[in-house]
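An overview of the molecular structure
Now for the letters of each chain:
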Amino acid sequence: MNFAFLSNNAFLKAPPVSDATPFAVAGVAWDGSVTNRPGARFGPRAVREASHMLCDATHPHFDTSPLGQLGDAGDLALPNTSLVAMREAMMPLAEALIRRHHMAWIGGDHSITLPLLRAYKAWFGRPLAVIHFDAHCDTWQDHFGEPSGHGTWVYEAIQEGLVQRECMVQLGIRSAGTRDAREYVQDQGGLIFTARALRGLESPGQLAPVLRAIRARMAAHGHPPLYLSLDIDCLDPAFAPGTGTPEPAGMSSAQVASVLEELADLNFVGMDCVEVAPAYDHAELTSNAAANFVWTYLSGRVAATRSRAA
Ligand SMILES: [Mn+2]
């Protein structure tokens with residue numbers, strides 16, 4: 001099975017995954033659960049392509065490069081139409097990679113995060129903390145007549161006990177939605193920083209109260225294994241037009257970068273970057289932003305490992 005949209009390039013031109021690559025990237029080229037514009041199945045290929053501009057991949061903030069420790073596992077071979085069949089097929093593939101590598105997953109639509117969290121919970125034997133960037137709360141309990149989709153995973157993950165509720169943190173939320181959906185995470189004990197609450201806070205200094213609150217929350221709960229789920233539509237469409245459900249008045253690339261860089265020492269165990277739909281992109285803005293965030297995350301992990309060893 002080899003669909004035309006699967007990638008034949010590699011993130012940062014990294015070699016294939018092996019025992020010599022503690023970090024790995026894998027694509028999940030699935031977009032069968034989108035509610036508006038389809039096309040995120042082409043995300044992995046576009047994000048990898050964009051990553052090639054990063055050359056030696058030495059990150060200017062961390063002064064380190066993931067290259068040398070990073071492998072690319074390619075795109076997971078998955079069924080193409082059924083959400084249930086996709087998730088079933090994905091679990092053993094994800095588990096095998098999680099056991100051997102610190103993973104960055106490139107979507108695909110956001111429905112891939114639920115099976116990933118199931119795999120992480122099984123591996124760690126405990127619920128995870130999650131930092132979730134998104135324009136959408138993804139706490140809807142009905143997906144246009146279906147029980148599950150790309151806008152339900154937060155609700156499902158909390159209901160299933162995959163997430164430690166107090167350590168569920170959302171940033172950038174701003175889409176239409178009723179109060180019970182929009183504020184569900186907060187009602188469950190978690191933290192929400194809406195796009196409106198984050199307006200004008202872009203530098204590390206401006207974001208200090210937000211960063212402090214997130215750190216305090218993780219510390220208060222003993223720093224559970226922390227997962228980053230980054231929906232590229234957290235960004236304003238000016239920064240990321242190439243996505244299925246764009247929402248104006250969103251975050252800036254610099255704002256997201258500040259958060260990722262400043263929190264890089266937290267106990268991250270994996271990440272995904274989802275919802276890049278290249279057909280709606282302009283000048284590769286969106287895939288460049290996604291590649292940059294995945295690279296920043298991986299560079300931060302390498303830097304954190306280095307400082308722990310020192
Ligand atoms: Mn979204």
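Presented here is a report on the structure given in the accompanying data block. (Residues numbered from 1 in each chain as written. Predicted model: local features only at pLDDT ≥ 70, side-chain atom pairs only at ≥ 80, totals over all residues. Heavy atoms only, no water.)

1. Section: the coordination of the manganese ion
- Here the manganese ion is held by the protein donor atoms Asp134 (OD), His136 (ND1), Asp231 (OD), Asp233 (OD) and Asp233 (OD), which lie 2.1 to 2.6 Å from it.
- Spacing between the donor residues of the manganese ion along the chain follows D-x1-H-x94-D-x1-D. (Donors = N, O, S within 2.8 Å, 3.2 Å for Na, K, Ca; no water.)

2. With respect to unusual backbone geometry
- The omega torsion of the bond from Gly107 to Gly108 falls at 15 degrees, within 30 degrees of zero and hence cis.
- Its identity is not glycine, yet Asp138 carries a phi of approximately 55 degrees, on the positive side.
- Tracing the chain through its elements places Asp138 in the loop between strand S4 (128–133) and helix H4 (153–159).
- For Asp138, a relative accessible area of 3% gives the class buried.
- Notably, Phe144 is not glycine yet its phi reads approximately 50 degrees, a positive angle. (Helix = DSSP H or I, 4+ residues; strand = E, 2+ residues; numbered from the N terminus. Buried < 20%, exposed > 50% of the residue type's maximum accessible area, 1.4 Å probe, protein only.)

3. Observations concerning the nonpolar core
- If you look at the biggest cluster of nonpolar residues, it comprises 52 residues, and the most contacted ones within it are Phe11, Ile131, Phe133, Leu171, Ile214, Leu230 and Ile232.
- Per-element tally for this core: the top contributor is helix H10 (residues 285–309), with nine residues.
- Sequence-distant contacts of Leu230, that is, excluding residues within four places in its chain, are made with Phe133, Val256, Leu260, Asp272, Cys273, Val274 and Phe293.
- Judged by nonpolar contacts, the second largest core, of 40 residues, contains Met90, Leu116, Leu117 and Cys137. (Core = buried A, V, L, I, M, F, W, Y, C linked by side-chain atoms within 4.5 Å. Contact = heavy atoms within 4.5 Å.)

4. Quick notes on the pairing of strand S2 (residues 70–75)
- Most of S2 is tucked away, with five of its six residues classed as buried.
- Both strand S1 (residues 23–28) and S2 contribute to a ladder of four bridges, which runs parallel. When the sheet's bridge partners are listed, Val25 is paired in S2 with Asp72.
- Crossover connection from S1 via helix H1 (residues 43–51) to parallel S2: handedness right-handed. (Pairing = 2+ DSSP bridges. Right-handed = clockwise from strand over helix to strand, strands pointing away.)

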